[in-house]
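Understanding the architecture of this molecule
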Amino acid sequence: MINEILPAAVAAAECFGDAPEAALYPEERAALGETGEARRREFTTVRHCARRALGGLGLPPAPLLPGVRGAPRWPDGVVGSMTHCAGYRAAAVAHGSGMRTLGIDAEPHEPLMEGLLDYIGLPEERARLAGLARQYPDVHWDRLLFCAKEAIYKAWFPVTQRWLGFDGAQVSLLPDGTFHARILVAHPPEQPAAPGAFEGRWLARNGLLLACVAEPQHV
Ligand SMILES: CC(C)(COP(=O)(O)OP(=O)(O)OC[C@H]1O[C@@H](n2cnc3c(N)ncnc32)[C@H](O)[C@@H]1OP(=O)(O)O)[C@@H](O)C(=O)NCCC(=O)NCCS
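Let me sum up the structure you'll find in this document. Quick caveat, the model's predicted, so the values are computed rather than measured.

**Some words on the overall build of the protein chain**
Helix and strand counts for the protein chain stand at five helices and eight strands. The order of α-helices and β-strands along the protein chain, N terminus first, is β-α-α-β-β-β-α-α-α-β-β-β-β. Whereas a compact globule of 219 residues would reach a radius of gyration of roughly 17 Å, the protein chain reaches 17 Å, a difference of no more than 12%. Overall, the C-alpha framework of the protein chain stretches about 50 × 40 × 35 Å when taken along its three principal axes. In the protein chain, which comprises 219 residues, the proportion classed as buried is 49%.

As C-alpha cells, then:
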C-alpha cells in the first residue's frame, strides 16, 4: 500500500500486524533495552520490514540502531524512514545518491484527540481543514495533517539534526492525495541548503492514513 505513494527510487516493505519470523540483532536488542511487549513487537517488526526494503535495493540485511534523537542509523549511502501504529508497520529506503531524505508516517484513520488540532495546526491550516472536512467528510483531515507533519519531521531531522516543532512547517493538504509543506524556521547559517519545502503524498485506506515526503538529490 505504501508503495503507491512513494517515488520509484524508493524500496519499501510493510506488515499489517507482526511478523512471527522477525528477529533482532543482539545490538538492536541491547539498544531496545527493557521495554513492554507492544514496543518490542513494533521495534522488531519494523526492522524486519526495513531489512526487506534494503533487500529491494539489493543491499544485505544489517542492524538498524536508533541514533540521535531516535532517528534510525541506516547503512552508509542509504536514507530511509520507519513508522508503526496499531496494525501497521512500514519502512522505506533509497540510495542516498539519488534521494537526499525521506520520511513516512502511518496513523489510524480516526479523528485527532480533542484539543490536539489547536496544538499541531497553524491558524491557516485549521481554516483550510474546516473547508476540506465540509467537502470531503470521509477523510479525518486533522489526523492527516498530524501524519503529514510527522513524516516531514522524519525527513527534516536526518538532514539538519535539528528539532522542528509543529509550527515549523505550514502544510497544504490537497484532496488529490498530495500535499505541499513550507518550512517556516530560518535556515541555520551553517546549513544554507537545509530543506525549505517538501512535496508529499498521502493515502487513506483500510482504516489507515499514510503520508510520505521524499526529496530527491539536487544535481
Ligand atoms: C519522532 C516522531 C516523529 C515519531 O512519530 P510517531 O508517529 O510518534 O511514531 P512512528 O511509529 O510513526 O515512528 C517512529 C519511528 O520514527 C523514527 N524516528 C524517531 N525519531 C526520529 C527522528 N528524530 N528523525 C527521523 N526518524 C525518527 C524511528 O525509526 C522510530 O521507530 P523506532 O523507534 O522503532 O526505530 C514523533 O514522536 C515526534 O517526536 N514528533 C514531534 C516532531 C514533529 O513531528 N514535528 C512536526 C514538524 S512539522
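Structure's up, so let's keep going.
**Here we look at the packing of aromatic side chains**
In the structure shown here, the tally under the stated rule is seven aromatic pairs. With a centroid separation of 5.4 Å and an interplanar angle of 75 degrees, the aromatic rings of Trp141 and Trp202 are classed as edge-to-face. Of this pair, Trp141 sits in helix H5 (residues 141-160) while Trp202 sits in strand S7 (residues 197-205); the two residues are 61 residues apart in sequence, bridging distant segments of the chain. For the pair formed by Trp141 and Trp202, the shared burial category is buried. Taking the ring centre of Phe43 as reference, the NZ or CZ of Arg47 above it sits at 3.6 Å.

**Side note on the site of the ligand**
Around the ligand lies a shell of 22 residues, among which Arg39, Thr83, His84, Asp105 and Lys154 are the nearest. In this structure, Lys154 approaches the ligand through a side-chain N or O atom, which is 2.7 Å from an oxygen atom. Broken down by element, the shell around the ligand gets its largest block of residues, five residues, from H5. Along the lines of polarity and charge, the residues of the shell around the ligand split into ten nonpolar, four polar and eight charged.

**Observations regarding the nonpolar core**
When a protein is soluble and globular, its nonpolar side chains tend to lie buried together. Counting 31 residues, the largest nonpolar core has Trp141, Ile152, Val171, Leu173, Phe179 and Phe198 as its most contacted members. Every element with two or more residues in this core is listed here: helix H4 (123-135), H5, strand S5 (169-173), strand S6 (178-183), S7 and strand S8 (208-216). Tallying contributions element by element places H5 first for this core, with twelve residues. Phe198 has contacts with Thr101, Ile152, Ala155, Trp156, Phe179, His180, Ala181, Ile183, Val213 and Glu215, leaving out every residue within four places of it along the chain. If you look at the next biggest cluster of nonpolar residues, it comprises 21 residues, including Ile2, Ile5, Cys85 and Leu210.

Rules and cut-offs
- Residues numbered from 1 in each chain as written.
- Predicted model: local features only at pLDDT ≥ 70, side-chain atom pairs only at ≥ 80, totals over all residues.
- Heavy atoms only, no water.
- Helix = DSSP H or I, 4+ residues; strand = E, 2+ residues; numbered from the N terminus.
- Rg over C-alpha atoms; globule rule 2.2 N^0.38 Å.
- Buried < 20%, exposed > 50% of the residue type's maximum accessible area, 1.4 Å probe, protein only.
- Phe/Tyr/Trp six-rings, centres within 6.5 Å; stacked < 30°, edge-to-face > 60°.
- Lys NZ or Arg CZ within 6 Å of the ring centre and 35° of its normal.
- Near = heavy atom within 4 Å.
- Polar contact = N/O pair within 3.5 Å; in protein donor to acceptor, adjacent residues only side chain to side chain.
- Nonpolar A, V, L, I, M, F, W, Y, C, P; charged D, E, K, R; others polar.
- Core = buried A, V, L, I, M, F, W, Y, C linked by side-chain atoms within 4.5 Å.
- Contact = heavy atoms within 4.5 Å.

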